[in-house]
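Report on the structure
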Amino acid sequence: MISETAPGRGLKSLWPLILITSLFFFWGVANNLNDVLIPQFKKAFVLTDLQSGLVQSAFYMGYFLLALPAAFVMRKLGYKTAVVVGLLLYAAGAFIFYPAADNHQYSWFLGGLFVIASGLAFLETSANPLITVLGSPDKAAFRLNLAQSFNPLGALSGIFIGQHFILSGIEHDENALAAMTDTARQAFYISEVKAVQGPYLVIGCVVLLWALLVFLSKFPAAATQNAHEDSGEEVGFFQSVVQLLKRPRFMFGVMAQFFYVGAQVGIWSYMIRYAQAEMGLTDKVAATYLYYTLIAFAVGRFIGTGLMTKVRPTLILGLFALVNIGLMLFAVVSGGENGLWALVASSFFMSIMFPTIFATSVTGLGNLTKTGSSLLVMSIVGGAVLTAVMGFISDHSHIRTAFIVTAACFAVIALYAFRAPKDATGPVQMTGH
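These numbers come from a predicted model, not from an experiment.

**Quick look at the pattern of salt bridges**
In this structure the tally under the stated criterion is 7 salt bridges. Among the ionic pairs, glutamate 192 bridges to lysine 43, the shortest N-O distance being 3.1 Å. With glutamate 192 in helix α9 (residues 182–194) and lysine 43 in helix α2 (residues 14–45), this pair connects stretches of sequence that are 149 residues apart. Comparing glutamate 192 with lysine 43, the two get one shared label, buried. Salt bridges sharing common partners tie together Lys42, Asp49 and Arg273.

Below, the structure is given as structure tokens:
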């Protein structure tokens, strides 16, 4: 990494630091808006749980397919270029929502979500390391943790936008819909789907403006040069991928991350659906439980991080995974309000999982760390695969039964944690997932 000791260098990096820190907020908005889009599209397009779950499948498939290209662009053209490309893709995906709503095409929405996530793959791959070079090296960890604190704010904002500007709270059962005239029924569907136009148009415009600001702003040399020049990586990009595939411990980490993201996305995606089925709440009221979930998640991160100063991170990871297995099974068996609160409580114990798995997986990779990081980002595709599996189970059984999948996910994580070497602690840093 390039040393930054020139006088005033930190001050000159302040504006770029503000621009890049904001990215953590932006992808928090996008990720958590999906939890609102699932019940909204289910209602507007009359979808099964499997079909509505394709919102997350399309979204996280974008991460999977673009993570390695993002790392390649970052290495060849620098962090700043990767950020601009990511923001342009994000804005383009948001703008697709407008014609998708006008034409009442669910497949267009899925395409838009794929493009948004493709942009986020670029942003998440480049923003974390970029933050570390925007200022003095001795303050890099502080800057990164400060930047990551804006992600929960984005997540809460995404739910707020969805609850107050997208969800109408108007729901009709099959009998009520059947009693409507064709014209009235179609008008209801159209009004529900067009509710997403305004919010995503505004989001697209803001993100496009941010791309322009990043493009026009002057960044330190470390942000614009080839990323591999200052990393000490001598191994070719594709050769490094092959080497990583031969490391069982690292690949187990990738698998654990796959199941973690699948569990998190599945729980949050179907929480509104669970509340509707088990308690008879409207989607607008049920969305309130997503606020409670994020509060539990944030509190868990603070407490979990504190515990890690005294207890081995992988031990905490394993114990938290075991607790969540119990909470998932309770939600399946109990149902009702108690089951819903079990889902909310699980976020407390999920809070430290993504960064702990990430950090312990890349420990000891040396010059393979950057490529290893991109493979771990690819594992986010678990959110695409396992959410669809849960939707399929729900359609053929009950939404409660679908949470058996998340219990199995936490079992894999527990196995990873308890099989970890005691020295596989790594510099655990909180990330947005």
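Read on, since the account is not over.
**Describing unusual backbone geometry**
The backbone of valine 46 sits at a positive phi, close to 55 degrees, despite the residue not being glycine. The residue valine 46 is located in the loop between α2 and α3 (49–77) in this model. With a relative accessible area of 52%, valine 46 lands in the exposed category. Here histidine 104, not a glycine, exhibits a phi torsion of approximately 50 degrees, which is positive. Of note, histidine 104 is situated in the loop between α4 (79–102) and α5 (106–133).

**Some thoughts on the nonpolar core**
In this structure, Leu23, Phe41, Leu87, Tyr90, Met353 and Phe403 are the most contacted members of the largest nonpolar core, which totals 140 residues. The biggest single contributor to this core is α2, with 16 residues. Each of domain 1 (13–226) and domain 2 (236–423) accounts for three or more of the residues forming this core. Excluding residues that lie within four positions of it along the chain, phenylalanine 41 makes contacts with Val46, Leu47, Val55, Phe97, Tyr106, Phe109 and Val196.

**A short note on the confidence of the model for the protein**
For the protein, mean pLDDT is 86; residues scoring 70 or higher make up 88% of the total. Contacts for the low-pLDDT stretch residues 1–8, under 50 throughout, to residues beyond four places or in other chains number 13 contacts. Of the regions scoring below 50 in pLDDT, residues 426–430 engages in 17 contacts with residues more than four places distant in sequence or in other chains.

**Things to note about helix α13 (residues 248–269)**
Residues that lie three or four places apart on an α-helix share one face, since the helix turns once every 3.6 residues. With 22 residues, α13 extends 31 Å between its outermost C-alpha atoms, agreeing within 8% with the 32 Å of an ideal straight helix rising 1.5 Å per residue. Among the 22 residues that make up α13, 17 are buried, leaving the element largely enclosed by the rest of the structure.

**Considering the side chain of serine 126**
Note on placement: serine 126 falls in helix α5. Residue classification places serine 126 among the buried positions, given a relative accessible area of 0%. At a separation of 2.7 Å, a polar atom in the side chain of serine 126 contacts the main-chain carbonyl oxygen of phenylalanine 122. Discounting chain neighbours no more than four positions away, the residues touching serine 126 are Met74, Tyr79, Ala82 and Val83.

What counts and how
- Residues numbered from 1 in each chain as written.
- Predicted model: local features only at pLDDT ≥ 70, side-chain atom pairs only at ≥ 80, totals over all residues.
- Heavy atoms only, no water.
- Salt bridge = Lys/Arg side-chain N within 4 Å of Asp/Glu carboxyl O.
- Helix = DSSP H or I, 4+ residues; strand = E, 2+ residues; numbered from the N terminus.
- Buried < 20%, exposed > 50% of the residue type's maximum accessible area, 1.4 Å probe, protein only.
- Core = buried A, V, L, I, M, F, W, Y, C linked by side-chain atoms within 4.5 Å.
- Domains from an automatic or database assignment.
- Contact = heavy atoms within 4.5 Å.
- pLDDT = per-residue confidence, 0-100.
- Expected span 1.5 Å × (residues − 1).
- Polar contact = N/O pair within 3.5 Å; in protein donor to acceptor, adjacent residues only side chain to side chain.

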